[in-house]
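Per-entry structural report
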Amino acid sequence: GAVVSQHPSWVICKSGTSVKIECRSLDFQATTMFWYRQFPKQSLMLMATSNEGSKATYEQGVEKDKFLINHASLTLSTLTVTSAHPEDSSFYICSARPTGIDGYTFGSGTRLTVV
Amino acid sequence: DAKTTQPTSMDCAEGRAANLPCNHSTISGNEYVYWYRQIHSQGPQYIIHGLKNNETNEMASLIITEDRKSSTLILPHATLRDTAVYYCIVRVSVSGNTGKLIFGQGTTLQVKP
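The rules we used
Residues numbered from 1 in each chain as written. Chains lettered and ligands numbered in written order. Predicted model: local features only at pLDDT ≥ 70, side-chain atom pairs only at ≥ 80, totals over all residues. Heavy atoms only, no water. Helix = DSSP H or I, 4+ residues; strand = E, 2+ residues; numbered from the N terminus. Buried < 20%, exposed > 50% of the residue type's maximum accessible area, 1.4 Å probe, protein only. Salt bridge = Lys/Arg side-chain N within 4 Å of Asp/Glu carboxyl O. Lys, Arg positive; Asp, Glu negative; His and termini not counted. Polar contact = N/O pair within 3.5 Å; in protein donor to acceptor, adjacent residues only side chain to side chain. Contact = heavy atoms within 4.5 Å. Disulfide = S-S within 2.5 Å. Buried area = accessible area lost by both parts, 1.4 Å probe. Nonpolar A, V, L, I, M, F, W, Y, C, P; charged D, E, K, R; others polar. Pairing = 2+ DSSP bridges. Axes fitted to C-alpha atoms, helices over the stretch in contact; angles between N-to-C directions.

Some details on the overall build of chain B
- Helix and strand counts for chain B stand at zero helices and nine strands.
- Listing every helix and strand of chain B by position from the N terminus yields β-β-β-β-β-β-β-β-β.
- The dimensions of chain B, computed from C-alpha atoms along their principal axes, are 40 × 30 × 25 Å.
- Expressed as a percentage of its 113 residues, the buried residues of chain B come to 44%.

Regarding unusual backbone geometry
Residues and elements named next belong to chain A.
- Residue Pro 8 is bonded to the preceding His 7 through a cis peptide linkage, with omega at 0°.
- For Pro 8, the location among the structural elements is in the loop between β1 (4–7) and β2 (10–13).
- We note that Ser 83 has phi near 45°; this positive angle belongs to a residue other than glycine.
- Structurally, Ser 83 can be placed in the loop between β8 (76–81) and β9 (90–96).
- Judged by relative accessible area, Ser 83 falls into the partly exposed class, the value being 34%.

Focus on the pattern of salt bridges
All names here are of chain A.
- Enumeration over the complete set of coordinates arrives at four salt bridges over all chains.
- When the shortest N-O distance is used, the salt bridge between Arg 24 and Glu 22 registers 3.5 Å.
- For Arg 24, a relative accessible area of 35% puts it in the partly exposed group.
- Relative accessible area serves as the criterion here: at 24%, Glu 22 is assigned to the partly exposed category.
- Put simply, Lys 66 and Asp 88 hold a salt bridge, and the shortest N to O gap is 2.8 Å. A residue pair is termed long-range when its members are at least 10 positions apart, and Lys 66 in the loop between β6 (57–58) and β7 (67–73) and Asp 88 in the loop between β8 and β9 qualify at 22 residues.

Digging into the side chain of Arg68(B)
All names here are of chain B.
- As for its placement among the helices and strands, Arg 68 is situated in the loop between β6 (61–64) and β7 (70–75).
- Of the buried charged residues, Arg 68 lacks a salt bridge, with Glu 31 as the closest side chain of opposite charge at 6.0 Å.
- Reaching out from Arg 68, the side chain makes a polar contact with the backbone oxygen of Glu 31 at a distance of 3.0 Å.
- Sequence-distant contacts of Arg 68, that is, excluding residues within four places in its chain, are made with His 24, Ile 27, Ser 28, Gly 29, Asn 30, Glu 31, Leu 51 and Lys 52.

Brief notes about the state of the cysteines
Residues and elements named next belong to chain B.
- For the coordinates displayed, the defined rule picks out two disulfides over all chains.
- In this model Cys 22 forms its disulfide with Cys 88; the gap between the sulfur atoms is 2.1 Å. Between Cys 22 and Cys 88 the sulfur-sulfur dihedral comes to about -80°; the bridge is accordingly left-handed. One end of the pair, Cys 22, is in strand β2 (residues 18–23); the other, Cys 88, is in strand β8 (residues 84–92), with 66 residues separating them in the sequence.

A closer look at the interface of chain A and chain B
- Counting residues at the interface gives 20 residues for chain A and 23 residues for chain B.
- For the pair chain A and chain B, the two sides together bury roughly 1700 Å², of which 53% comes from carbon and sulfur.
- The interface formed by chain A and chain B includes five residue pairs in polar contact (both at pLDDT 80 or more).
- The element best represented in the side of chain A that touches chain B is strand β4 (residues 32–38) of chain A, accounting for four residues.
- Here the residues of the side of chain A that touches chain B are counted per class, giving nine nonpolar, seven polar and four charged.

So, the sheet that holds strand β3 (residues 19–25) of chain A
Residue and element names in this part refer to chain A.
- Pairing is antiparallel across the open sheet formed by four strands, whose spatial order is β1-β3-β8-β7. In this open sheet, the two edge strands, each paired with only one partner strand, are β1 and β7. Here the average twist between neighbouring strands, direction ignored, is 15°.
- Pairing of β3 with β8, which is carried by six bridges, proceeds in the antiparallel orientation. The partner of Ile 21 across the bridge, within β8, is Leu 79.

Structure (C-alpha cells):
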C-alpha cells in the first residue's frame, strides 16, 4: 500500500510550451503533497508544498507563476511548468505521507527535457 | 531541522555489511533520524527511522549513539541492488505533522562484486 503514482515518467517539450505533471496517491488521501526538483548529480531540492483546497507554499527562489501547482482533490496534485525553457530540464519528484505511516512515499519521478 | 553531515561516497563489497555514518551534532530532543535512499533515476525510498533506541527492520538497522549526535545505517548483507545515494535526514516526527522533508547531499554507496 501507500503508493504515489506520478505521470508522465518522461516528457520532451519545445521551449515556450507548458507541461503538466500529475501526482496521485493511489490508496490513501493526502491533504499535503510536496514537489521536488533534482538536477543531474545533485540532491533533491524542495520546490513547494501543495495543500488541498488552498494555495501552495513555495520555497524561496521558486517562481510561483512559472511552476503552477493545483491540489484540487485529496488524491491529486499537479505541477505545471509554464513557458518551459531548456534550463527547466530536470527530474521532478512528488511525495506525500500516508496517515499512520512514519515515512514519506515518493513518486517515481518525471524526467522533463525542454528542447 | 538539524543539519546532517555524511561522507560523499563509500564502497562496499557485495555480501558484506555496509555501514553508513551520519553526524547530526545539533539534533534536538524531539528530532528523529530518518534514512532514505535513491536508486538512480527513481524516487527516494524510505528505509528506517529512530529517535534514540536502535532500530531494525527488514531492510536495515539504525544505530544511534547515546548522545544522539551521530548514527549509522547498517545494510547487513549488501547486494548490487543496494547501490544508491543514501540520505540521512533529521527532523521532528511526522506523526500528525505533514512538514516538509529537506534533503542534504547524501552518501553515494557503490556495492562492488
